[in-house]
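# Structural overview
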Amino acid sequence: MTAPLVLGIETSCDETGVGLVRGSELLADAVASSVEEHARFGGVVPEVASRAHLEAMVPTVDRALDKAGVRLAEVDAIAVTAGPGLAGALLVGVSAAKAYAIAAGKPIYGVNHLAAHVAVDQLEHGPLPAPVIALLVSGGHSSLLLVPDLANEVVPLGSTIDDAAGEAFDKVARVLGLPFPGGPHIDRAAAAGDRDLIAFPRSKYRDGSSDFSFSGLKTAVARWVEARSAAGEPVPVADVAAVDACREHGVGHLVIGGGVAANSRLRALAQERCDAAGLLLRIPRPGLCTDNGAMVAALGAELVARGAAPSGLDFAADSSLPVTDITAA
C-alpha cells in the first residue's frame, strides 16, 4: 500500500508554511516569513501577520507543489493548523485549506500546532517510540507533554505560567539592544561569551510541579543591564545569553521541538543531561524546529495512515485549542 501524500499548511503566527509529506518522507517544505515586517515593532503584529499570509498563501503552495513535483489532484489529504495561534492568522490558513480541499475533492484535517511540532521529528528520526516525553519551546509556547500515542492521546505535564521561552528571548534582546527576533541574535552573541560570568536565576518554576516561569529570569537580566548602564559600565552582551519527567513516567526518549529548540546551548545542554541520565534525545534539525508546513503534513500523514476520521468542513480556527485535542472537531 502506498504511503499517504499529504499537503500541510501552517499559519499560526508570522510564517506561511506549506509542506508535502509522503508517509514519513519530506518532499517539500516551503516557507514565507513576514518577520522583517514585524521587526520595526519589536514583536509580531497580528494584523500584519494575517495580511502577509493572505499575500503569501497561493505562491507558497505553488512553490511547494513544484518542488515536490506533484499536482494538487495527486495529494490524498490536506492538513492545516487549526490552533493554537493568532486568531486572524489561523483563519487565513484554515480558509485556504478548506478552499483547496473543496476544489480538489480531498479530505481535510484541522490539526493541533503543538502536536505537529512533535510529529515533525518523525521526518528525520523515524517513528516515535510510544510513549515519549516531548518538550516544546517556542515563541508562544513552553510545554512539557507525555505522548502515549501521537494520533490519539497527548497528556500535558507542565507549561509556562507567564512568558514562553521565545518571548523571554525577545524581551531580553530588546533590553540588550539586539534586533527582533531575539533568539538567533542572543544565540550568536552567546557563542563568544562566558556562561559562568553571571548567575541568573533558573527558568524552572520550583513549586513541585512541571510548570515553567521565565518572568524572573527576564527581570533579572533587565535589572542587571540597568545597573551596568547606570554605572557607566559596558554591557557584555555575549555573556547574557525534562529529564525528571522521563524518569517519573518511565520513558526512555525525550523529543524537543519548537523554534527555541534551534538554540545551540539548549541542544548541547539537553544532550549532556540526557547522556548523563541514560536517555535517548531526539531534536529535529533547526529548519524543522521553527513553524513550517512540513510538521503539519507529518501529523496529517500520521492521522491518515492510522485511519483517523477527517475533520468536517465546518471546523473552526481555535486560537486556544488545547493540546489534548489533536484534531479539530
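Every value quoted in this text rests on a predicted model; they were computed, and no experiment measured them.

## A short note on the sheet that holds strand 1 (residues 5-10)
Here we have 5 strands laid out as an open sheet, ordered 3-2-1-4-5, and mixed in their pairing. In the strand order of this sheet, the two ends are held by strand 3 (25-33) and strand 5 (108-112), each with one partner. Pairs of neighbouring strands in the sheet enclose a mean axial angle of 20°, with direction left out of account. Across 5 bridges, the pairing between strand 4 (residues 77-83) and strand 5 is parallel. Across the sheet, the residue bridging to I78 is I108, located in strand 5. Sheet contacts for helix 3 (residues 87-104): strand 1, strand 4 and strand 5; angle to strand 4, the most-contacted strand, approximately 160°. Most of the contacts of helix 12 (residues 293-305) go to strand 1, to which it runs at about 135°, and overall it touches strand 1, strand 2 (15-22), strand 3, strand 4 and strand 5.

## Details of the pattern of salt bridges
Here the structure, examined in full by the defined rule, presents 7 salt bridges. The partner of E124 in a salt bridge is R285, with the nearest N and O atoms 4.0 Å apart. Here E124 falls in the partly exposed class, since its relative accessible area comes to 32%. Taking relative accessible area as the criterion, R285 reaches 39% and is therefore assigned partly exposed. Linking R306 and E302 is a salt bridge whose minimum nitrogen-to-oxygen distance equals 2.8 Å. You can call R306 partly exposed: its relative accessible area is 41%. Using a relative accessible area of 18% as the deciding quantity, one classes E302 as buried. Connected through salt bridges with shared partners, the residues D149, E302 and R306 form a single ionic network.

## Considerations on the side chain of H117
Looking at where H117 falls in the secondary structure, it is placed in helix 4 (residues 113-119). At 3.5 Å, the side chain of H117 forms a polar contact with the backbone oxygen of C289. When sequence neighbours within four positions are dropped, the list of residues in contact with H117 reads L136, G258, C289, T290, D291 and M295.

## Here we look at the pairing of strand 8 (residues 153-159)
Where strand 7 (residues 142-149) lies against strand 8, 5 bridges are found, and the strand directions are antiparallel. Residue pairing across strands places L144 opposite G158, the latter belonging to strand 8. Here strand 7 hands over to strand 8 after 3 residues, the two strands then running antiparallel side by side.

## Some details on helix 3
The first and last C-alpha atoms of helix 3 sit 26 Å apart over 18 residues, in line with the 26 Å expected at 1.5 Å per residue. All of the buried residues along helix 3 are A89, L90, V92, G93, V94, A96, A97, K98, Y100 and A101. Immediately beyond the C-terminal end of helix 3, within one or two residues, lies G105, with a positive phi of roughly 70°.

Thresholds, definitions, all that
- Residues numbered from 1 in each chain as written.
- Predicted model: local features only at pLDDT ≥ 70, side-chain atom pairs only at ≥ 80, totals over all residues.
- Heavy atoms only, no water.
- Pairing = 2+ DSSP bridges.
- Helix = DSSP H or I, 4+ residues; strand = E, 2+ residues; numbered from the N terminus.
- Axes fitted to C-alpha atoms, helices over the stretch in contact; angles between N-to-C directions.
- Contact = heavy atoms within 4.5 Å.
- Salt bridge = Lys/Arg side-chain N within 4 Å of Asp/Glu carboxyl O.
- Buried < 20%, exposed > 50% of the residue type's maximum accessible area, 1.4 Å probe, protein only.
- Polar contact = N/O pair within 3.5 Å; in protein donor to acceptor, adjacent residues only side chain to side chain.
- Expected span 1.5 Å × (residues − 1).

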